[in-house]
Amino acid sequence: MDCLFCKIINGEIPSTKVYEDEFVFAFKDISPIAPVHDLIVPKTHICCANKITAENSEYIAKIFEAVPKIAQSENLETYRIINNCGEDAGQSVMHLHFHLVGGVKMGWGKESLGKTE
Ligand code: AMP
Ligand code: ZN
């Protein structure tokens, strides 16, 4: 399958790994929007949040078990987890991923959606 994040997981495309276990791979975002910006992905191809099912949700649980470990390794006590699902939400890589961003004080509200119109 021609998937960028599948290729990163199997090492075909290089990345800066921050965490790995049987179910989860995490690496530095190539174009960070914050001092810490990691991507956490399941080691199976799930295109987006809309395709999470009872059959594959163990990967999601494992991702969220990994979150505190990754945050600790990045010296983050406070951070934001973001998932963009689908084009209008800003998903550009169709392999489910959670952005872990931190290291900066963040706002919350309408403006934080980054609306384009
Ligand atoms: P999204 O827009 O939610 O689909 O997020 C995709 C993210 O992947 C963006 O933040 C990109 O900067 C990031 N990205 C794209 N290509 C790479 C790559 N080769 N290595 C690491 N991050 C990447
Ligand atoms: Zn994939």
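Quantities reported herein were computed from a predicted structural model and do not represent experimental measurements.

Peer 1: Tell me about the sheet that holds strand β5 (residues 98-102), and please be specific about residues and values.
Peer 2: Adjacent strands of a sheet pair through backbone hydrogen bonds, lying either parallel or antiparallel. Pairing is antiparallel in the open sheet, where five strands are placed in the order β1-β2-β3-β5-β4. Every other strand in the sheet has two partners, leaving β1 (17-20) and β4 (79-82) as the edge strands with one partner each. Pairwise comparison of adjacent strand axes, ignoring direction, gives a mean angle of 20 degrees for this sheet. Both strand β2 (residues 24-28) and strand β3 (residues 36-42) contribute to a ladder of five bridges, which runs antiparallel. Each bridged residue has a counterpart across the sheet, and for phenylalanine 25 the counterpart in β3 is valine 41. Most of the contacts of helix α2 (residues 57-73) go to β3, to which it runs at about 155 degrees, and overall it touches β1, β2, β3, β4 and β5.

Peer 1: Any details on the site of ligand 1? Residues and values, ideally.
Peer 2: Of all residues adjacent to ligand 1, which total 16 residues, the nearest are Asp29, Asn84, Gly90, Ser92 and His99. Glycine 90 places a main-chain nitrogen or oxygen 2.8 Å from an oxygen atom of ligand 1. Across the complex, the protein chains shield 83% of the 500 Å² of accessible surface that ligand 1 would expose by itself. Mapped by element, the contributors of at least two residues to the shell around ligand 1 are α1 (4-9) and β2.

Peer 1: Would you mind going over the side chain of histidine 95 in detail, with residue names and values included?
Peer 2: By the element assignment, histidine 95 lies in the loop between β4 and β5. Relative accessible area serves as the criterion here: at 0%, histidine 95 is assigned to the buried category. Here the side chain of histidine 95 touches threonine 44 through a polar contact of 3.4 Å, landing on its backbone oxygen. Ignoring anything within four residues of it in the chain, the contact list for histidine 95 reads Cys3, Phe5, Cys6, Ile9, Val41, Pro42, Thr44, His45, Ile46 and Cys47.

Quick notes on the rules
Residues numbered from 1 in each chain as written. Chains lettered and ligands numbered in written order. Predicted model: local features only at pLDDT ≥ 70, side-chain atom pairs only at ≥ 80, totals over all residues. Heavy atoms only, no water. Pairing = 2+ DSSP bridges. Helix = DSSP H or I, 4+ residues; strand = E, 2+ residues; numbered from the N terminus. Axes fitted to C-alpha atoms, helices over the stretch in contact; angles between N-to-C directions. Contact = heavy atoms within 4.5 Å. Near = heavy atom within 4 Å. Polar contact = N/O pair within 3.5 Å; in protein donor to acceptor, adjacent residues only side chain to side chain. Areas by Shrake-Rupley, 256 points an atom, 1.4 Å probe, with all protein chains shown as cover. Buried < 20%, exposed > 50% of the residue type's maximum accessible area, 1.4 Å probe, protein only.

Worth remembering: the numbers are spatial, not functional.
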